[in-house]
Amino acid sequence: QVQLVESGGGLVQAGGSLRLSCAASGRTFSSYTMGWFRQAPGKEREFVAAVKNSGSTYYVESVKGRFTISRDNANNILYLQMNYLKSEDTAVYYCAASSLLTGVTVRGQYNYWGQGTQVTVSS
């Protein structure tokens, strides 16, 4: 069982930066694939980024070069550094954990989800 709590969302101007954090409970955090998803109003929840326990990272094309996912296994924290934010990045951002090593971009592969944190980018 893993419990996830996101923080760090807020209102930022276009071109600005935010860092999201996800605190995880449980002693097996380091074994999970961790991901960030987002959901804008009226849209499906979409994959943003993921990091495997090996450290391999994956990004949706629209955030490559702007967002960086990282994990601190010693403290059970997942991060998403978001730079050069755009209005289209506005969404609720969710942290998720998967016990699987495949399909890291697929929402259904994730077992555990946080409650989400709102990111609003003003243009």
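Look up: the structure comes first, before these words.
Residues numbered from 1 in each chain as written. Predicted model: local features only at pLDDT ≥ 70, side-chain atom pairs only at ≥ 80, totals over all residues. Heavy atoms only, no water.

1. Points about the overall build of the protein chain
Right, on to step 1. In terms of helices and strands, the protein chain carries zero helices and 11 strands.
Right, on to step 2. Of the regular secondary structure in the protein chain, the N- to C-terminal order runs β-β-β-β-β-β-β-β-β-β-β.
Right, on to step 3. On C-alpha atoms alone, the protein chain measures out to a radius of gyration of 13 Å, which is about the 14 Å that the 2.2 N^0.38 rule sets for 123 residues.
Right, on to step 4. Seen along its three principal axes, the alpha-carbon backbone of the protein chain occupies a region of about 40 × 25 × 25 Å. (Helix = DSSP H or I, 4+ residues; strand = E, 2+ residues; numbered from the N terminus. Rg over C-alpha atoms; globule rule 2.2 N^0.38 Å.)

2. Quick look at the nonpolar core
Right, on to step 1. Grouped together as the largest cluster of nonpolar side chains are 27 residues, with contacts concentrated most on Met 34, Trp 36, Leu 78, Leu 80, Met 82 and Tyr 93.
Right, on to step 2. Listing elements by their share of this core, those giving two or more residues are β3 (18-24), β4 (33-39), β5 (46-51), β7 (67-72), β8 (77-82), β9 (91-98) and β11 (117-122).
Right, on to step 3. Core analysis: the second largest hydrophobic core is formed by six residues, Phe 37, Ala 96, Val 104 and Tyr 110 among them. (Core = buried A, V, L, I, M, F, W, Y, C linked by side-chain atoms within 4.5 Å. Buried < 20%, exposed > 50% of the residue type's maximum accessible area, 1.4 Å probe, protein only.)

3. Let's talk about unusual backbone geometry
Right, on to step 1. Of note, Asn 76 is a non-glycine position whose phi angle comes to about 55 degrees, a positive value.
Right, on to step 2. For Asn 76, a relative accessible area of 17% corresponds to the buried category.
Right, on to step 3. Phi is positive for Tyr 84, close to 50 degrees, though the residue is something other than glycine.
Right, on to step 4. Relative to the elements of secondary structure, Tyr 84 occurs in the loop between β8 and β9.

4. With respect to the sheet that holds β7
Note: strands within a sheet are paired through backbone hydrogen bonds, in either parallel or antiparallel orientation.
Right, on to step 1. Reading across from one edge, β1-β3-β8-β7 is the order of the four strands in this open sheet, with antiparallel pairing throughout. Strands with a single pairing partner mark the edges of an open sheet, and in this sheet they are β1 (4-7) and β7. Pairwise comparison of adjacent strand axes, ignoring direction, gives a mean angle of 15 degrees for this sheet.
Right, on to step 2. For β7 and β8, the ladder comprises six bridges, and the chain directions are antiparallel. Within β8, the residue paired with Ser 70 across the bridge is Tyr 79. (Pairing = 2+ DSSP bridges. Axes fitted to C-alpha atoms, helices over the stretch in contact; angles between N-to-C directions.)

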